Amino acid sequence: MPETNLPIDFESQMLELLGQAEFEQFKEAINTPSHTSIRLNSAKFFLLTWANTPISWSSTGFFLEERPSFTLDPAIHAGAYYVQEASSIFIEHILHSLNIPKGIYLDLAAAPGGKSTLLSSYLGNEGMLVANEVIQSRAQILKENIIKWGLGNAIVTNNDPEHFGPLEGFFDLVVVDAPCSGEGMFRKDPQAREEWSIDNVQLCSARQKRIMDQAGALVKADGYLVYSTCTFNEQENEEMIRFLTEEFSYEPVRIPLESTWNIRETSVETEGKTFYGYRFFPHLVKGEGFFITVMKRSSEAYIQEPKRIKDFKHPYLKEVWNRESSDLDDELRFDGSGKYYTLNDSYFRISKDWNLHFQKISQHLSLKYFGVEIGKKQKRDWIPTHEWALSILPKHGFPSHELSETEAIEFLRKNDFEISGLPIGWVLITFKNLPLGWVKNLGNRVNNYYPKEWRIRM
Ligand code: SAM
């Protein structure tokens, strides 16, 4: 680890926040190696065999004693777990301890997908998540991670926060994990120290205000807003609480904490009320620097329920009508809770319960992915997608074949390899019973259908 080489202005800011003695501990902590932690996908069964200790505020998060080679672990490619920093997993505690009602959620700054996969797990089949990312290349990574997680309850969009104007009062929960000056990443990412300046903090704070000016309006009456950063300064944290409460009508929310967690609560007096924020310092918690706050929209705020669209029209999506939908359910042996659309002749399935919300979203936002893409139908046969393989939807009618770890890595490298005893046609490839993708046995050869752009290059 490099010696502490902190910007002078940052040192003064932290001294003010922590005092001399604690600041010394802070400096020491950011010069020690960071911890490795993962969060399990409870919808996919995976037995954790690495030495681990649970993360206290989570039921699915674990610290690993050593960092394995994740890229060479087939289970990560099957979406069995997500590598996520412990402090940011705290959102799991927020959802459960406040019993936040499930419904239609928005993660406005979602890539690469840490918080989105967590929200998707919390919602299960009782909600729908819009996972949005403004930067196109990052939206692609987000889409991949959502597909691997496989719950089929998410819509991935690639939009600027400004495009969400027509969705005012639409969401039960809006999460904004804002782009920030990254002070909490000084340990993990030493370059963040070099990029830090007071001017950059001001720039980040101004950008966050632009984002929150949109985001604050998207929450419906009695819905929740979660704002987080991975930075310590007050301009990007407490000041945002003041900004939000001055712009919109929000009520304070206090998160129950265990004293042993060492998370530091801060309070902000504004608009005649006390609001709360939570700071994670690396010398106090086993995790990186983080700040999070929760507030509840007042009951008088606007609620926008999606209306039935009589003749749903979309530039590239086609709605599948009821008769064909129930035929599909019968044929695929799905439980009948899905609504189907086609895009370029490929079928997509989304929960019927959230179809009106989906239609409204599809009219205003740029869709990158939604629900589960099942595949194309050719006469009586299906050409199944990789997305379906990784989803938790059943794959009745397809045989499966379990691979050893070495074989699974060859499969993920998209190499050709010998598999004996394989039935003819499409075969679902699994590792430790977790689906990894498809092969097609043509009799004289076996084609590996692992997506080229996803293959392991190590
Ligand atoms: N929530 C993510 C997770 O848990 O994996 C991490 C989000 S990261 C801290 C912030 C994200 O905001 C980045 O993906 C970045 O591309 C995006 N972003 C950058 N500028 C933005 C803007 N003006 N509006 C909205 N999002 C922006």
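About the cut-offs
- Residues numbered from 1 in each chain as written.
- Predicted model: local features only at pLDDT ≥ 70, side-chain atom pairs only at ≥ 80, totals over all residues.
- Heavy atoms only, no water.
- Pairing = 2+ DSSP bridges.
- Helix = DSSP H or I, 4+ residues; strand = E, 2+ residues; numbered from the N terminus.
- Axes fitted to C-alpha atoms, helices over the stretch in contact; angles between N-to-C directions.
- Polar contact = N/O pair within 3.5 Å; in protein donor to acceptor, adjacent residues only side chain to side chain.
- pLDDT = per-residue confidence, 0-100.
- Near = heavy atom within 4 Å.
- Areas by Shrake-Rupley, 256 points an atom, 1.4 Å probe, with all protein chains shown as cover.
- Nonpolar A, V, L, I, M, F, W, Y, C, P; charged D, E, K, R; others polar.
- Buried < 20%, exposed > 50% of the residue type's maximum accessible area, 1.4 Å probe, protein only.
- Arc of directions from axis to C-beta.
- Contact = heavy atoms within 4.5 Å.
- Right-handed = clockwise from strand over helix to strand, strands pointing away.

Things to note about the sheet that holds strand β20 (residues 400–402)
Then comes step 1: Sheet architecture is open: four strands sit in the order β20-β21-β22-β23, paired in mixed fashion. Either end of the sheet is taken by a strand with one partner, and the two such strands are β20 and β23 (446–448). Between one strand and the next, the sheet's axes are offset by a mean angle of 35 degrees, whatever the strand orientation.
Then comes step 2: Here β20 pairs with strand β21 (residues 425–431) via three bridges, running parallel. Within the sheet, the bridge partner assigned to serine 400 lies in β21 and is leucine 428.

Observations regarding the sheet that holds strand β1 (residues 36–40)
Then comes step 1: A sheet is described by the order of its strands in space; here four strands give the open sequence β2-β3-β1-β4, paired in antiparallel fashion. A single partner strand is all that each edge strand has here, and the edge strands are β2 (52–54) and β4 (81–83). On average, adjacent strands in this sheet sit at an angle of 30 degrees to one another, irrespective of strand direction.

A short note on the side chain of arginine 349
Then comes step 1: Positionally, arginine 349 belongs in strand β16 (residues 346–351).
Then comes step 2: Polar contacts involving the side chain of arginine 349 include one to the side chain of serine 337, which spans 2.8 Å.

Considerations on the confidence of the model for the chain
Then comes step 1: A residue-level look at the chain finds 99% of positions with pLDDT of 70 or above and a mean pLDDT of 96.
Then comes step 2: Element-level mean pLDDT values for the chain span from 88 in helix α7 (residues 191–195) up to 99 in strand β6 (residues 128–132).

Looking at the site of the ligand
Then comes step 1: Residues in close proximity to the ligand total 17 residues, the closest being Gly114, Lys115, Glu133, Arg138 and Asp177.
Then comes step 2: Measuring from a nitrogen atom of the ligand, one finds a backbone N or O atom of alanine 109 at 3.1 Å.
Then comes step 3: At 3.5 Å from an oxygen atom of the ligand is found a main-chain nitrogen or oxygen belonging to proline 112.
Then comes step 4: Alone, the ligand offers 600 Å² of accessible surface; in the complex the protein occludes 83% of this.
Then comes step 5: Contributing elements (two or more residues each) for the shell around the ligand: α5 (114–123) and α8 (198–218).
Then comes step 6: Considered class by class, the residues forming the shell around the ligand number 10 nonpolar, two polar and five charged.

Some thoughts on helix α1 (residues 8–18)
Then comes step 1: Buried residues of α1: Phe10, Gln13, Met14 and Leu18, and no others. Buried residues in α1, looked at end-on, bunch into an arc of 115 degrees, giving them a common side. Facing away from the buried side of α1 by over 90 degrees, the exposed positions are Ile8 and Glu16.
Then comes step 2: Taken together, the buried residues of α1 touch α2 (20–29) and β11 (264–270).
Then comes step 3: Glycine 19 sits one or two positions beyond α1 and adopts a positive phi of about 85 degrees.

Observations concerning the pairing of β6
Remember that side chains alternate between the two faces of the sheet whenever the strand is regular.
Then comes step 1: Here β6 lies mainly inside the structure; five of its five residues are buried.
Then comes step 2: Residue alternation in β6 divides its side chains into two sets, Met128, Val130 and Asn132 and Leu129 and Ala131, and both sets are buried.
Then comes step 3: Where strand β5 (residues 104–107) lies against β6, four bridges are found, and the strand directions are parallel. Each residue of the ladder has a partner; that of tyrosine 105, found in β6, is leucine 129.
Then comes step 4: In this fold, the crossover linking β5 to β6 by way of α5 has right-handed handedness.
Then comes step 5: By the bridge criterion, four bridges tie β6 to strand β7 (residues 154–157) in an arrangement that is parallel. Paired with valine 130 across the two strands is isoleucine 155, which belongs to β7.
Then comes step 6: In this region the chain leaves β6, passes through helix α6 (residues 136–149) and returns to the parallel neighbour β7; the handedness of that crossover is right-handed.

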